[in-house]
Amino acid sequence: MPGLLEGKRLLITGVITDSSIAFHAAKAAQEQGATVVLTGYGRMSLVTRIAKRLPHGAPVIELDVTNADDLAALPDRVREHVDGLDGVLHSIAFGPPTTLGAPFLDAPWEDVATAIQVSAFSLKSLANACLPLMGEGGSIVGMDFDARIAWPAYNWMGVAKSALESVTRYLARDLGPRKIRVNLVAAGPVRTMAAKSIPGFSTIEDTWTERAPLGWDLTDATPVARSICALLSDWLPATTGSMVWVDGGMHATGM
Ligand SMILES: NC(=O)c1ccc[n+]([C@@H]2O[C@H](COP(=O)([O-])OP(=O)(O)OC[C@H]3O[C@@H](n4cnc5c(N)ncnc54)[C@H](O)[C@@H]3O)[C@@H](O)[C@H]2O)c1
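Here is a short report on the structure shown in this document. (Residues numbered from 1 in each chain as written. Predicted model: local features only at pLDDT ≥ 70, side-chain atom pairs only at ≥ 80, totals over all residues. Heavy atoms only, no water.)

1. Regarding the side chain of T192
And step 1. You can see T192 is positioned in the loop between β6 (180-187) and α6 (193-196).
And step 2. For T192, a relative accessible area of 10% puts it in the buried group.
And step 3. Setting aside chain neighbours within four positions, we find T192 in contact with S19, S20 and I21. (Helix = DSSP H or I, 4+ residues; strand = E, 2+ residues; numbered from the N terminus. Buried < 20%, exposed > 50% of the residue type's maximum accessible area, 1.4 Å probe, protein only. Contact = heavy atoms within 4.5 Å.)

See the structure below:
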């Protein structure tokens, strides 16, 4: 039986370790027949090493999603490996230490601005950069942590995720006529480098493992990876501007 993503050409951002959600998404996508190109930020030799652990390896392009030159060069760099894109995963977030765990009231605007630029505005930047490669339409997927409520510790990253949710809706509005879908996966907590760097995030993790109706394994990114692949496939063709919860059902529970 052909894989879910047979023939799909995907650009996957956000791999930094083999626990990155993006790494698991790239692995699942290759297993389902996709051709994967990765982007890496900062520690390029590390990302290149991690890319070799994928079932079929993958080329890595350098991309700082806040860097205009990197964004402008992206289409040509991608074309060195594939002749277009059917899907893009945005799996990027960053907030300076004052924006996470520290007292919410103390974060300076410059740090909040960085968190919002890297974690929310960048979905627009990445989509724009990839548009010339997506002439036949396709699917853009971003990574969310449900921002409808205020969580312990998550602070300004929660605000950035609210912005990301809104950016997703506006991109869906404007890219729909080009047959490009834009959706978010709202994942439960997964032990990655980004998650471990949030002081106090363990309170959220504990609640999840105790309360999620389907149960929740903090060390297993496979359910999230598979759901990303589903959104990148042709099997949710009329879904855009949406947030798909992949959280063991936690969002649906009360006290
Ligand atoms: N781990 C969780 O519990 C969880 C839950 C829900 C959503 N998410 C989201 O999933 C996404 C991936 O995070 P992760 O948990 O896999 O952590 P991770 O640390 O493995 O990945 C974060 C990635 O962001 C990249 N990045 C940071 N600044 C960048 C920049 N300027 N340009 C390009 N890339 C940049 C890093 O290089 C890294 O690859 C993030 O959006 C995160 O908020 C994570």
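Now that the structure has been shown, we can carry on.
2. Quick look at the sheet that holds strand β1 (residues 9-12)
The pairing of strands in a sheet happens through backbone hydrogen bonds and is either parallel or antiparallel.
And step 1. Taken together, seven strands build an open sheet; the order of strands is β3-β2-β1-β4-β5-β6-β7 and the sheet is parallel. Either end of the sheet is taken by a strand with one partner, and the two such strands are β3 (60-62) and β7 (243-246). When the angles between neighbouring strand axes are averaged without regard to direction, this sheet yields 20°.
And step 2. Alignment of β1 against strand β2 (residues 35-40), held across four bridges, turns out to be parallel. Note on β2: the bridge partner recorded for R9 is T35. (Pairing = 2+ DSSP bridges. Axes fitted to C-alpha atoms, helices over the stretch in contact; angles between N-to-C directions.)

3. A word on the site of the ligand
And step 1. Lining the immediate environment of the ligand, one finds 26 residues, of which G14, S20, K161, V190 and T192 sit closest.
And step 2. Within the backbone of V190, an N or O atom sits 2.7 Å from an oxygen atom of the ligand.
And step 3. Here T192 contributes a side-chain N or O atom positioned 2.5 Å from an oxygen atom of the ligand.
And step 4. Burial of the ligand by the protein amounts to 94% of the accessible area it has alone, namely 820 Å².
And step 5. Counting atoms within 2 Å of the grid points, the majority share of the ligand lands in the largest pocket.
And step 6. Where the shell around the ligand is concerned, the elements lending two or more residues are β5 (138-144) and α6.
And step 7. Of all the elements, α6 adds the most residues to the shell around the ligand, at three residues.
And step 8. Broken down by class, the residue content of the shell around the ligand amounts to 18 nonpolar, five polar and three charged. (Near = heavy atom within 4 Å. Polar contact = N/O pair within 3.5 Å; in protein donor to acceptor, adjacent residues only side chain to side chain. Areas by Shrake-Rupley, 256 points an atom, 1.4 Å probe, with all protein chains shown as cover. 1 Å grid on protein atoms, 1.4 Å probe; cavity = no way out; pocket = protein on both sides within 12 Å on 5 of 7 lines; lining within 4 Å. Sits in = over half its atoms within 2 Å of the grid points. Nonpolar A, V, L, I, M, F, W, Y, C, P; charged D, E, K, R; others polar.)

4. A word on the packing of helix α1 (residues 21-31) against helix α8 (residues 222-232)
And step 1. In contact at an axis separation of 8 Å, α1 and α8 are set at 60° when each is read in the N-to-C sense. The orientation of α1 with respect to α8, classified from their angle, is oblique. Regarding α1 and α8, the two cross each other, and that crossing is right-handed. Residue-level inspection shows I21, H24, A25, A28 and A29 of α1 in contact with α8, the latter providing V224, A225, I228 and C229.
And step 2. Here the contact of α1 with α8 is composed, by residue class, of eight nonpolar, one polar and no charged. (Parallel < 35°, antiparallel > 145°, perpendicular 65-115°, else oblique. Left-handed = near helix turned anticlockwise from the far one by under 90°.)

5. Concerning the nonpolar core
And step 1. Membership of the largest hydrophobic core comes to 51 residues, with the highest contact counts inside it found for L38, V224 and I228.
And step 2. For this core, the element with the highest residue contribution is α1, accounting for seven residues.
And step 3. With near-sequence residues (within four places) excluded, I228 lies in contact with I21, A25, L89, V141, M143 and V185. (Core = buried A, V, L, I, M, F, W, Y, C linked by side-chain atoms within 4.5 Å.)

6. Some remarks on the packing of aromatic side chains
And step 1. Within the structure shown, the criterion is met by seven aromatic pairs.
And step 2. With centroids separated by 4.3 Å and ring planes inclined at 5°, the aromatic side chains of F104 and W156 adopt a geometry described as stacked. Of this pair, F104 sits in the loop between β4 (87-90) and α4 (109-130) while W156 sits in helix α5 (residues 155-175), placing them 52 residues apart in sequence.
And step 3. With a centroid separation of 6.1 Å and 35° between ring planes, the pair formed by Y154 and F201 is classed as tilted. A residue pair is termed long-range when its members are at least 10 positions apart, and Y154 in the loop between β5 and α5 and F201 in helix α7 (residues 201-211) qualify at 47 residues. F201 carries the same exposure label as Y154, and that label is buried.
And step 4. Three or more aromatic residues joined by ring pairs form one cluster here, namely F145, W151, Y154, F201 and W208. (Phe/Tyr/Trp six-rings, centres within 6.5 Å; stacked < 30°, edge-to-face > 60°.)

7. Some details on the layout of surface pockets
And step 1. Taken as a whole, the largest pocket encloses approximately 1100 Å³ of empty space.
And step 2. Taken together, 45 residues make up the lining of the largest pocket; nearest its centre are S91, I92, A93, F94 and A194.
And step 3. For the lining of the largest pocket, the secondary-structure elements that each account for two or more residues are α1, β2, β5, α5 and α6.
And step 4. Considering each element in turn, the lining of the largest pocket owes the most residues, three residues, to α6. (Points joined across faces, edges and corners; volume = space filled by probe spheres on them.)

8. A word on α1
Because each turn of an α-helix spans 3.6 residues, side chains separated by three or four positions in sequence point in the same direction.
And step 1. Where burial is concerned, most of α1 is hidden: eight out of the eleven residues are buried.
And step 2. Contacts from the buried residues of α1 go to β1, β2, α2 (44-51), β4, β5 and α8.
And step 3. Just downstream of α1 lies G33, where phi reads positive at about 100°.

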